[in-house]
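Listed below, chain by chain, are the residues.
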Amino acid sequence: MEFGVLGPVVAWDGEPVDLKGPRHRAVLARLIVARGRVVPAAVLVNDLWADPPAGALSALRTFVAALRRAIEPDRQPRTPARLLVTEGPGYALRTDAVDAWRFEAAVQASLPPGELLPELLAGLGLWRGPAYAEFADEGWALAERSRLNELRLRAVERVGEARLALGLAGEAVPDLDAHVSEHPWREDAWRLLALALYRSERQGDALAVLRRARETLVGQLGVDPGPALRQLETDILNQAAHLTPAGSVWAETASAYDRVVGGTRARIESTVGLLRNLAVTGGGGLETARRHRLAAITAAEELADADLTARVIGAYDVPAIWTRSDDETQAAAIVAAAERVLPTQEHPSIRARLLATIALESRGSRSSRAREAALEAEELARGLDDPALLAFTLNGVFMQTCYRAGLAPERDAIGAELVSLSQRHNLFTYEVLGHLIRLQSACARADHTAAGEHADAADALAARHELPLVGVFTRWYAALRDDNPESYRAAGALLDGAGMPGLSDGLLPLALAAHAIRHGQPIPDADYGPHTPWVKGSLNPPPGLLLETYWALTAYAARQSGDGQLLEKAQAALAPAADEHAAGSGLLTLGPIADFLR
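Bear in mind that the values here come from a model prediction, so they are computed numbers and not experimental data. Counting from 1, residues in each chain are numbered in the order their sequence is written. Totals for whole chains, interfaces and linings use every residue, but because this is a predicted model, local features are given only for residues with pLDDT of at least 70 and side-chain atom pairs only at 80 or more, for both listing and counting. In computing side-chain values, all of the structure's heavy atoms are included and hydrogens and water are not.

Caption draft 1: Representation of a nonpolar patch on the surface within the structure. The patches reported here contain residues having more than 30% relative accessible area and no salt bridge. Joining distances are 9 Å for like charges and 5 Å for nonpolar side chains (Val, Leu, Ile, Met, Phe, Trp, Tyr). Under the convention used here, a 1.4 Å probe and the Shrake-Rupley method define accessible areas, while residue burial counts only the protein chains that appear. Put simply, a salt bridge is a Lys or Arg side-chain nitrogen that is within 4 Å of an Asp or Glu carboxyl oxygen. Residues Trp185, Leu221 and Val223 make up a contiguous nonpolar surface patch of roughly 300 Å² in combined accessible area. The numbering of helices and of strands both runs from the N terminus, where a helix is a DSSP run of H or I of at least 4 residues and a strand a run of E of at least 2. In this fold, Leu221 is placed in helix H9 (residues 203-221).

Caption draft 2: Layout of the sheet that holds strand E5 (residues 84-87). By the convention used here, strands pair only if DSSP detects at least 2 bridges between them. Strand order in this open sheet of three strands is E4-E6-E5, and the pairing throughout is antiparallel. Only two strands of the sheet have a single neighbouring strand rather than two, namely strand E4 (39-40) and E5. Bridge count between E4 and strand E6 (residues 90-93): two bridges; the pairing is antiparallel. Pairing of Pro40 across the sheet is with Gly90, part of E6.

Caption draft 3: Local environment of the side chain of Asp235. Structurally, Asp235 can be placed in helix H10 (residues 227-237). Of the side chains bearing the opposite charge, Arg191 lies closest to the buried Asp235, which forms no salt bridge; the N-O distance is 9.3 Å. At a separation of 2.8 Å, a polar atom in the side chain of Asp235 contacts the side chain of Gln231. Note on definitions: a residue-residue contact is assigned when non-hydrogen atoms from the two residues lie within 4.5 Å. Sequence-distant contacts of Asp235, that is, excluding residues within four places in its chain, are made with Ala240, His242 and Leu243. Relative accessible area decides the class of each residue, using a 1.4 Å probe on protein chains only: under 20% of the type maximum gives buried, over 50% gives exposed, and in between gives partly exposed. In this count, Lys and Arg are taken as positive residues and Asp and Glu as negative ones, while His and the chain termini are left out. Between N or O atoms, a polar contact is any pair within 3.5 Å; within protein, one atom must be a potential hydrogen donor and the other a potential acceptor, and residues adjacent in sequence are included only when both atoms are from side chains.

Caption draft 4: Expanded view of the packing of aromatic side chains. Between the rings of Phe, Tyr and Trp (Trp by its six-membered ring), a pair exists once the centres lie within 6.5 Å; its type follows the angle of the planes, with under 30 degrees stacked, over 60 edge-to-face, and the other angles tilted. In the structure shown here, the tally under the stated rule is four aromatic pairs. Their ring planes at 25° and their centres at 6.1 Å tell us that Trp49 and Phe63 sit as a pair that is stacked. Here the residue Trp49 occupies a position in the loop between helix H2 (41-48) and helix H3 (56-71), and Phe63 occupies one in helix H3, the gap between them amounting to 14 residues. Across the pair, Phe63 and Trp49 agree in class, each one buried. Consider the rings of Trp534 and Tyr550, whose centres lie 4.6 Å apart with planes at 20°: the pair is stacked. With Trp534 in helix H26 (residues 532-535) and Tyr550 in helix H27 (residues 547-561), this residue pair connects regions lying 16 residues apart in the sequence. There is no split in this pair, since Trp534 and Tyr550 are both buried.

Caption draft 5: Just empty space enclosed by the protein, in detail. In this analysis a 1.4 Å probe is tested at points of a 1 Å grid over the protein atoms alone, and where it fits but cannot get out there is a cavity; an open set with protein on both sides within 12 Å along at least five of seven lines is a pocket; lining residues have an atom within 4 Å of a point. Grid points are joined across faces, edges and corners, and a volume is the space filled by probe spheres set on the points. Enumeration over the complete set of coordinates arrives at four cavities of 30 Å³ or more. The computed volume of the largest cavity comes to approximately 690 Å³. Forming the walls of the largest cavity are 34 residues, and the residues nearest its centre are Leu286, Val318, Pro319, Ala320 and Ile321. Counting residues per element, the ones that place at least two in the lining of the largest cavity are helix H13 (283-302), helix H15 (328-341), helix H16 (348-361), helix H20 (428-444) and helix H22 (470-482). Its residues placed into classes, the lining of the largest cavity shows 22 nonpolar, four polar and eight charged. Throughout this entry, Asp, Glu, Lys and Arg are counted as charged residues, while Ala, Val, Leu, Ile, Met, Phe, Trp, Tyr, Cys and Pro are counted as nonpolar. The remaining residues, Gly among them, count as polar.

Caption draft 6: The state of the cysteines, seen in detail. We call a pair of cysteine sulfur atoms a disulfide when they lie within 2.5 Å. A full pass over the atoms with the stated rule returns zero disulfides. Left without a disulfide partner, Cys402 is nearest to the cysteine sulfur of Cys443, which lies 14 Å away. The exposure class of Cys443 is buried, given its relative accessible area of 2%.

Caption draft 7: Here's a closer look at the pairing of E5. Where E5 meets E6, four bridges bridge the pair, whose relative direction is antiparallel. Looking at E6, one finds that Val85 is bridged to Ala92. Adjacent in sequence and paired antiparallel, E5 and E6 are bridged by two residues, among which Gly88 carries a positive phi angle near 60°.

Caption draft 8: How the structure looks around the environment of Pro530. Along the chain, Pro530 falls in the loop between helix H25 (507-518) and H26. Judged by its relative accessible area of 23%, Pro530 is partly exposed. Through-space distance from the C-alpha of Pro530 to that of Asp505 is 7.1 Å; in sequence the pair is 25 residues apart. Other than its neighbours up to four places away in sequence, Pro530 contacts Arg324, Asp505 and Tyr550.

Caption draft 9: Up close: the pattern of salt bridges. Applying the stated rule across the entire model yields 29 salt bridges. The closest approach of N and O atoms between Arg265 and Asp305, which form a salt bridge, is 3.0 Å. A residue pair is termed long-range when its members are at least 10 positions apart, and Arg265 in helix H12 (residues 264-279) and Asp305 in the loop between H13 and helix H14 (306-314) qualify at 40 residues. Taking the shortest distance from any N to any O, the salt bridge between Glu486 and Arg489 comes out at 2.7 Å. Within this pair, Glu486 and its partner Arg489 are both found in helix H23 (residues 485-493), separated by three residues, close to a single helical turn.

Caption draft 10: Examining H20 more closely. For H20, which comprises 17 residues, the first-to-last C-alpha distance of 25 Å matches the rise-based estimate of 24 Å (1.5 Å per residue) to within 8%. By the criterion of burial, H20 is predominantly enclosed, with 14 of the 17 residues buried. Immediately downstream of H20, the backbone of Ala446 shows phi near 60°, a positive value. A helix is expected to span 1.5 Å multiplied by its residue count minus one.

Caption draft 11: Quick peek at the nonpolar core. What is meant by a nonpolar core is a set of buried Ala, Val, Leu, Ile, Met, Phe, Trp, Tyr and Cys residues, joined one to another through side-chain atoms within 4.5 Å. In terms of nonpolar packing, the biggest core is built from 110 residues, with Trp476 and Leu503 touching the most fellow members. Look past the residues within four positions of Trp476 in its chain and what remains in contact with it is Tyr488, Ala491, Gly492, Leu495, Leu507, Leu508, Ala511, Gly586 and Leu587. Grouped together as the second largest cluster of nonpolar side chains are 46 residues, Ala41, Leu67, Leu83 and Tyr132 included.

Caption draft 12: Main features of the side chain of Asp483. Here Asp483 lies in the loop between H22 and H23. When sequence neighbours within four positions are dropped, the list of residues in contact with Asp483 reads His515, Arg518 and His519.

Caption draft 13: Structural context of the environment of Ala300. Within the secondary structure layout, Ala300 lies in helix H13. Considered as a pair, Ala300 and Ile313 are 13 residues apart in the sequence and their alpha carbons are 9.3 Å apart. Once you skip the residues sitting within four places of it in the chain, Ala300 turns out to touch Ile268, Asp305, Leu308, Thr309 and Val312.

This is how it looks when you write it as structure tokens:
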């Protein structure tokens, strides 16, 4: 049961609402245009008659009564109407059963291509002619007719987009070709048609369509094609890689997976694999992975399945280089979940993954538990023939090898083993991690030849495997090497949208403060975020790659203030790194630690 307006007449349940004349249909159409709002009786009268007769209001009530009988034939006498209601000074249509509204919802739906395509085709199938065709000359219908016609054109183009996303380029061509012939001013339609032809291995036809688009737009409208069409022509001529339908492979695979996998447990476990891959894309991908990871763990725990929970926690083996958490609250929740499930697990590989997770998510912690978990995980992994597991546990050990100054050589050994292990077993993300760890250690030794080699190796792997976050760290190393405020500012711009607040918060001001100290300049007034206590001089910095930097800052502040006791404590903490530079982060430097020990 629905009201139809996407056709030659207004209809109810597929039958024309004719009754005694066209004004019945006009009343119904006018109320549909109002989209549920009350239309005053006086407005209806003026819309129905150019020169309303004396009995117009009475006639309107008669039309309304007749319409109510037609659309609610089973309503008992003297019971209130449910669909065409009287409210205040007029009438309103209270129903969702209108084909135009269903069509509009389909066009505006945000769904995966596999779900969107049938919705759009069903919506377009509701059209049986021009909208409100019977009332084409009525002023009250003009805006709605125009709006619906624009939505119809957009729907045809969204169908083309969905077919392209699903790898159905050949099916998209005929409808898009007819569409541009009828509506040649639609540049996006020309673009979709050319792309569909290109993906159908018809490169010549695609270029011919783009030439036809240019000729049509210039000849009929006197305008040149927009940047999207011009860029597409260039990309087709160059056979640009991004034009290939990789996205359709993803969409088809996801659609097939949805059809085949129905179990909640399988879906939860598979989600973690997707989140793991998403995390290394950086920016929004990393933030999304972080946001949904804890939800997946919680969902597994709610099923009261300890084995599933353990697998979900341990499967997120994303390499981590920075020693401050991006979300400390979430990290604590993950550690707590891992500790809860750990006693239920006896298999050494699962235990190793849980322990490595505890070590990684406890970065920056002063608790001895995190380091104990890291070493136990490594011991278990070395007894198994699982290179990926060993790499994961070594990452946990690395994260807990920043508890005192002077441990850069230990971290360098971990990085060297990660590079060697990864090269033997094609663990490219951990190979990148190993190079970045060795870069940091080389910076602590002020060996910029070695640091540069590891930066170049990491960048080459990142380019080959599409790992955009790597460039953040190598660009910051380049700024450290340049020792130039502008270089630091350029590197700082890469942190915008990188999805790593644990790294980015206060880092640029800290780097500029370090530069000022090295060059005998006053420390700038700035928001140093989490680094503020140590810029001002404070004891007991947390473990991490900035540990030597924090102690050096404390020594500097103590010297500036004449606090001999604070200076003595800072120098004692720095003494094990006397031969190193305060640059073990690979991001910024305060120069030789020996300078702060004098």
